[in-house]
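Coordinates in review
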Amino acid sequence: MPVADRDAPEVCWPVGTGAHAIARPAQNVAPAYVTSGERARGRSVLRSTQGTPMNIALLASGLLAIAAGFGHSYLGERFVLRPIFTAEPRSRVLDRPINQRLVRYVWHLPSLAWIALGALALWAAQGHALPWPVVAASALILGTSGLANFAATRRLHAGGVTLLFSATLMIG
């Protein structure tokens, strides 16, 4: 049931916030609404390709997770892996091509996970329902990755900040 707005009761758009909007089946929960009057007061509503309103927090969370994944892969390949593989004298362990491939694949695995979680958040931002355990697990993975980044670097790092913001927006 739409919430009537005295300024413009004729047009209402359903919107949600964070995990609360995607954690419950739509038929059991009355959604929040942004009316045309609220839109006129500066609360814009992005719409998906299907014309449904998009969840801005989930949209931002997904974009941040995808950016973290691509940044981790590209910058890690350029500034971490390439110097390790070309440094002289090299470790005997890295002389074997299988070990180089293993290190490279293990480096890129979290990037793929973050990109997949970001894509899931973008999908949910378009109004698709996700069970609460999926949202919680996704936020936990992103948040734990961000905290592990801070622990490993022992300083503020752009990747850790990005992942923590993404996790926060996902549940929030």
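A brief structural summary. These numbers were taken from a predicted model, which means no experiment stands behind them.

Going through the model one piece at a time under the given rule, you end up with 1 cavity of 30 Å³ or more. A volume near 50 Å³ is recorded for the largest cavity. Forming the boundary of the largest cavity are 11 residues, of which Leu-120, Ala-121, Leu-130, Ser-138 and Met-170 lie nearest the centre. Ranked by the residues each element gives to the lining of the largest cavity, the list is headed by helix α4 (residues 97-125), at 4 residues.

This part is about the pattern of salt bridges. Under the defined criterion, the tally for this structure stands at 2 salt bridges. Across the pair Arg-90 and Asp-95 runs a salt bridge whose closest N-O atoms are separated by 3.3 Å.

Here we come to the nonpolar core. If you look at the biggest cluster of nonpolar residues, it comprises 17 residues, and the most contacted ones within it are Leu-58, Trp-114, Ala-125, Leu-142, Leu-163 and Met-170. When residues of this core are traced back to their parent elements, those giving at least two are α3 (56-86), α4, α5 (132-153) and α6 (158-171).

This next bit is on the environment of Gly-160. Tracing the backbone through its elements, the reader meets Gly-160 in helix α6. Residue class for Gly-160 comes out buried when judged on its relative accessible area of 0%. Sequence separation between Gly-160 and Asn-149 is 11 residues; the distance between their C-alpha atoms is 5.2 Å. When neighbours within four sequence positions are excluded, Gly-160 is seen to be in contact with Gly-146, Asn-149 and Phe-150.

What follows concerns α3. Taking 1.5 Å of rise per residue, 31 residues should cover 45 Å, and α3 covers 43 Å from first to last C-alpha, within 8% of that figure. If you look at α3, its biggest bend is around 50°, right at Glu-77. Between the side-chain oxygen at the start of α3 and the backbone nitrogen of Ala-57 there is a gap of 3.1 Å, and the oxygen is on Asn-55.

So, on to the layout of surface pockets. The volume enclosed by the second largest pocket comes to roughly 380 Å³. Looking at the second largest pocket, it is lined by 18 residues, and the ones nearest its centre are His-72, Trp-107, Asn-149, His-157 and Gly-159. Counting residues per element, the ones that place at least two in the lining of the second largest pocket are α3, α4, α5 and α6. With 8 residues, the top contributor of residues to the lining of the second largest pocket is α3. Along the lines of polarity and charge, the residues of the lining of the second largest pocket split into 10 nonpolar, 8 polar and no charged.

Basis of the calculations
- Residues numbered from 1 in each chain as written.
- Predicted model: local features only at pLDDT ≥ 70, side-chain atom pairs only at ≥ 80, totals over all residues.
- Heavy atoms only, no water.
- 1 Å grid on protein atoms, 1.4 Å probe; cavity = no way out; pocket = protein on both sides within 12 Å on 5 of 7 lines; lining within 4 Å.
- Points joined across faces, edges and corners; volume = space filled by probe spheres on them.
- Helix = DSSP H or I, 4+ residues; strand = E, 2+ residues; numbered from the N terminus.
- Salt bridge = Lys/Arg side-chain N within 4 Å of Asp/Glu carboxyl O.
- Core = buried A, V, L, I, M, F, W, Y, C linked by side-chain atoms within 4.5 Å.
- Buried < 20%, exposed > 50% of the residue type's maximum accessible area, 1.4 Å probe, protein only.
- Contact = heavy atoms within 4.5 Å.
- Expected span 1.5 Å × (residues − 1).
- Bend = angle between axes of the 7 residues up to and from the residue.
- Polar contact = N/O pair within 3.5 Å; in protein donor to acceptor, adjacent residues only side chain to side chain.
- Nonpolar A, V, L, I, M, F, W, Y, C, P; charged D, E, K, R; others polar.

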